[in-house]
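# Structure at a glance
Residues per chain are reported as follows:
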Amino acid sequence: MKSNELVIENISKHFGGVAAVNNVTLRVEPGQFTSLLGPSGCGKTTTLNCIAGLEMPTDGVIRIGDFVLNDVRRGVMLPPEQRELGMVFQSYALWPHMTVYDNLNFGLGLRKIKGEAAKKRITETLELVGLGGFEKRYPFQLSGGQQQRVALARAVCAEPRLLLLDEPLSNLDAKVREHARLWLREVQKRVGITTVYVTHDQAEALAMSDMIAVMSNGSLLQYASPTDVYERPINRFVADFIGATAFLEGTITAVNGDQAKVLLKGGQTITAQTNTRWRDEKEVAIAIRSERVQVVTDSSKTDNVIAARITSSTYLGSKWQHIVETDAGSLKVESLDAANDSILKLYLPPSAIILIPNS
Amino acid sequence: MATSSRPLTSSAPSIPIDKIVQWGIFILTILLVIFPSWPIFYQSVMDAPLYEQTRQFTLDNFSRVLSDSEFWGVLGTTVVYALFTTIISLATGAALALLIIRTDMPARGYFSLLINIPFYVSPLILAFGWSVIFGPQGFFTILIRNIGLPTWDLYTLGGLIAVTAMYYMPYTYLYCTASLSLSDSQLEDAARIAGANPLSVLFNVTVPLMRPAITYSALLTLVSSIEILSIPLVLGTPANLNVLATYLYKIGIVGVKTDYGSIAVVSIFIVLLVTALVALQNILMSQEKRFVTVSGKATRPRQLLLGVWKWPIFTVAATAVFIIIVLPLFGILLQAITPFVSPFINPLTILTTENFDIIFRTEPYRLSVINSVMIAVVGGAVGVVFMAVVAVVAYRSSLPTRGALRYVALYPRAFPGLIVGIGFLWAFLLVPGFGSIRNTLFALTLAFIMRHLPLGFSSISPSVLRISEELDRAARVAGANWLGVIRHILIPILRPALLSAYIILAITFLKEYSVALFLFAPGSQVIGTTMIELWRQGSSGPIAALATIQMVIIFALIAISRWVLGVKLNEVE
């Protein structure tokens, strides 16, 4: 299957005076899987709908290779049916009055693929999603997971220029979802199609994507690989959204290669790993990944160890979770056993600490 | 980059056929609504009939009508009539809904079936039925008089109110039933836990929750009883008792010298009154949202046990339904198959087909049956297609004025049938090119469709809204244009709803008479206009035969739709 790069240049979408999408630019390499990630109302779905042609941007350019979908200033606004895309919707949107076969065949017919060619294509695509032999079923006769597979088959069947996915896993229950995640990525890789995926679930985005575009309030905050987004969030919002659970305040006192000394509020100095070039005396926010914080019982470690006082504890089955108070701020930490003292020593490994410029 | 050099090649300017269709439907709907309205407003400020060459602007028509004491008298009667009709039909409808949905009264299913009958029967027929049974020479009246008990006079304001209230009672019953079966029984359980006894729950929780349904039915009944012509015409005219609708009929059709100015002014007056009430209905309904308790899950409501009162209540309810609905229809049937109805003669000994023979032998009468069926079957089909397209454009298009289209489609609600008829008649006379179709079935069909556009529109649009918009979007992305989405996705999914709307529209067209009264001409008469003509001649036998024929056709339609097409008619007007 041919794969194309998707280029989005400076697109904006205003509803009345409100900017749902604000000057977003990004490029998806051929065959890549890119996620648009953000909380509800961040503009990710509007961006996807602009690519699909279901909504028209108020400014900017969208093109696939040389094929221009939108060029607002030149008055190019291709309606969705002329874009030759494939899309999977949140509700799957399988047409209830058509069989599985007809659901796939409808789009093929409109793209002038008919007769034996269409039949062969449908059979192959259904095999691809593991639903060979389901041609005559109606959507209501399928489970949620099967419906989702049909929706994907329908989207890729006509060999579209792009595959668009609008939170396709959000209607599945947790167990099926994790399986579907792997399977979906597997199919996408095999087909080799350039894909844009919308989700609000950071774990999903991290697990599946080649690139993640984190959005908030209509703006693109960071566009980077999953590791970069996770390890080097560009600001506090991204860090927060991608899984940091606490923020402490501090000031950088010295930088030595990739090691930075940070003076915490309260007077203690810790060492953090960083690949950003910091200046001295720079105020920073310190994002902490609580799953990497260790509770230490012996006194062998002294570097990066801070004292904390437990304010509440919750039993979670496999572990305990504590809310603790330190001189630099409050944190959430985990331990395997119940704490028998309300005073804890916490080891913050340099990798658990992310320094973010204080804006 | 290659992009900037060739952006325009990828979108050759295609003919926006979807835009043409959408604007076309919008303009067509507006024209259909304006066509019969403007002559009325225009005529009201002209000193001579519109067809005369010399006419001038005047406000005399208004001052003449407003200084006429008869007009004010009629208005007073109408207010009393509409208010009491509404109160009585609300009380009986709500009570029956409570009894049937929430208690263990016996034979609830049969009650429900009988109460819905008036939906399918023309009010004209019910009025004749009541006069056959309860009129001064009625079957039941004579029976009671003979026993020596005091009797009643049906041809009074009280009689009018009683019959009209019973005709509209099913509306309240229907809306209250829907509200009762949807409300969450946990609300009642919570009241029981809080210490309320079953009766207190009923009056403090259940009944207040019916408020939106009652408000809605109240205004619907109020509006309908201002509009209705048939019952006041049949039962009020003998006693010279007039409401606005019969007054309009009198000065428009029966009067010696037709006063066009007055007709226009009275029509405008009624339209404004109804518009105000419909607007009030919308305002009140939007405030009643707080009572909506639909939780999505179907909880089976607990039944209130009537205990020792079970059989007494059943007897009262059964007698009422028997007298109100069964007896009048039975009277019509009896009248149709006998030369006269009397409690002293066994009807089986005087059976005759004479009444039916008259209908089938007399060409104009026979033609009216054929015409009615034609309009119902063909006109109903045309109407439902048009209304479906209007609903789809109003809710599933990019038309910038689609919001306005929703109002336009519902606006004929404010035009009583009689006035729609007057408006179309005048418009056909005045607009060049339409004169030739004035006396055709096409003219009647057009008027029927305009008058019942709100009915079709509001019965189809909920089904349109229930279809997830993602289905449209998926089809667009798959390569279908707007018209393709309608043809391949929306229409097939809507098919059951459209069939049910078609049956409802066909039944409504069969029952319709008021629109046709001004508009029909020899050759385009329908069952309703023939019945009124026969009534003016005093031929009660053939009326009953015609009524029976109409009921048989309607019940055949319902039977076909239910058992052959599998349509459930749950949204009747």
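Quantities reported herein were computed from a predicted structural model and do not represent experimental measurements.

### What about the nonpolar core?
By size, the foremost hydrophobic cluster in this structure holds 254 residues, and its most contacted members are A:Leu164, A:Ile288, B:Phe128, B:Val163, B:Leu444, B:Ala447 and B:Leu519. Shared between two domains, this core holds at least three residues of each, these being domain 1 (16-58 + 353-573) and domain 2 (70-292 + 307-349) of chain B. If sequence neighbours within four positions are ignored, B:Leu519 has contacts with B:Gly421, B:Phe424, B:Leu425, B:Ala443, B:Leu444 and B:Ala447.

### Re the confidence of the model for chain B
Segments scoring low in pLDDT should not have their predicted coordinates read at a detailed level. Residues and elements named next belong to chain B. With 93% of its residues at a pLDDT of 70 or more, chain B has an overall mean of 86. Across chain B, helix α18 (residues 363-395) holds the top mean pLDDT of 95, while helix α10 (residues 185-193) sits lowest at 74. Between residues 1-13, whose pLDDT stays under 50, and residues either more than four places distant or in other chains, the model counts 17 contacts. On the interface metric, ipTM, the complex scores 0.80, and its pTM is 0.83.

### Regarding unusual backbone geometry
Residues and elements named next belong to chain A. Within the chain, Tyr 92 stands out as a residue other than glycine whose phi angle is a positive 75°. With respect to the helices and strands, Tyr 92 occurs in the loop between β7 (86-88) and α2 (100-110). Backbone geometry at Asn 304 places phi at a positive 55°, although glycine is not the residue there. Structurally, the position occupied by Asn 304 is in the loop between β16 (294-296) and β17 (305-315).

### Observations regarding the environment of B:Ser463
Residues and elements named next belong to chain B. Of note, Ser 463 is situated in helix α22 (residues 453-466). Residues Ser 463 and Ala 391 lie 72 residues apart in sequence; the distance between their C-alpha atoms is 9.6 Å. Leaving out residues up to four positions away in the same chain, Ser 463 has contacts with Leu 494 and Ala 497.

### Examining the domain arrangement of chain B
Residue and element names in this part refer to chain B. Partitioning chain B into domains gives domain 1 (16-58 + 353-573) and domain 2 (70-292 + 307-349). Look at where the C-alpha atoms of domain 1 and domain 2 centre, and you get two points 25 Å apart. With 35 residues of domain 1 at the interface, the matching set in domain 2 holds 33 residues. At the level of secondary structure, the elements contributing two or more residues to the side of domain 1 that touches domain 2 comprise α2 (38-44), α17 (354-361), α20 (417-430), α24 (482-511), α25 (514-519), α26 (527-537) and α27 (540-564).

### A short note on helix α21 (residues 441-451) of chain B
All names here are of chain B. The element α21 is largely enclosed, with a buried count of 10 among its 11 residues. Listed in full, the buried residues belonging to α21 are Leu 441, Ala 443, Leu 444, Thr 445, Leu 446, Ala 447, Phe 448, Ile 449, Met 450 and Arg 451. Residues of α21 that are buried make contact with α1 (17-34), α18, α20, α22, α24 and α25.

### Focus on the sheet that holds strand β18 (residues 320-326) of chain A
Residues and elements named next belong to chain A. One open sheet holds the five strands; their spatial order is β16-β20-β17-β18-β19, and the pairing between them is antiparallel. The sheet terminates laterally at β16 and β19 (329-335), the two strands that pair on one side only. Mean inter-strand twist for the sheet, computed between neighbouring axes without regard to direction, equals 50°.

### So, the sheet that holds β7(A)
All names here are of chain A. Spatially, β7-β8-β9-β3-β10-β11 is the arrangement adopted by the six strands of the open sheet, whose pairing is mixed. For this open sheet the edge positions go to β7 and β11 (219-224), each flanked by a neighbour on one side alone. Taken pair by pair, the neighbouring strands of this sheet meet at an average axis angle of 15°, ignoring direction.

### Quick notes on the packing of α24(B) against α27(B)
Residues and elements named next belong to chain B. Closest axis-to-axis distance for the α24/α27 pair is 10 Å, and the angle between their directions is 180°. Between α24 and α27, the angle falls in the class roughly antiparallel. From α24, Ile 503, Ala 506, Ile 507 and Leu 510 reach across to α27, where they touch Gln 550, Ile 553, Ile 554, Leu 557 and Ser 561. Looking at the contact of α24 with α27 residue by residue, the classes come out as seven nonpolar, two polar and no charged.

Conventions and cut-offs
- Every chain's residues receive numbers from 1 upward, in the order its sequence appears when written.
- Whichever chain is written first is A, and whichever ligand is written first is 1; the rest continue in order.
- Totals for whole chains, interfaces and linings use all residues, but because this is a predicted model, local features are given only for residues with pLDDT of at least 70 and pairs of side-chain atoms are given and counted only at 80 or more.
- The term nonpolar core refers to a group of buried residues, namely Ala, Val, Leu, Ile, Met, Phe, Trp, Tyr and Cys, whose C-beta atoms join them within 7 Å.
- Whether a residue is buried, exposed or partly exposed is read from the other C-beta atoms within 10 Å of its own C-beta, which are placed from the backbone; 20 or more gives buried, 12 or fewer gives exposed, and intermediate counts give partly exposed.
- Source of the domain bounds: an automatic or database domain assignment.
- Our contact criterion uses C-beta atoms placed from the backbone: two residues qualify when those atoms are within 7 Å.
- As a per-residue measure, pLDDT reflects the predictor's confidence and takes values from 0 up to 100.
- Under the DSSP-based scheme used, a helix requires at least four consecutive residues in state H or I and a strand at least two consecutive residues in state E, with every element numbered from the N terminus.
- Any two strands with at least two DSSP-identified bridges between them are counted as paired.
- Axis geometry follows a simple rule: fit a line to the C-alpha atoms, using only the stretch in contact for helices, then measure angles between N-to-C directions, giving values from 0 to 180 degrees.
- Between 65 and 115 degrees an angle is taken as roughly perpendicular, under 35 as roughly parallel, over 145 as roughly antiparallel, and anywhere else as oblique.
- Residue polarity follows a fixed list, in which Ala, Val, Leu, Ile, Met, Phe, Trp, Tyr, Cys and Pro are nonpolar, Asp, Glu, Lys and Arg are charged, and the others, Gly among them, are polar.

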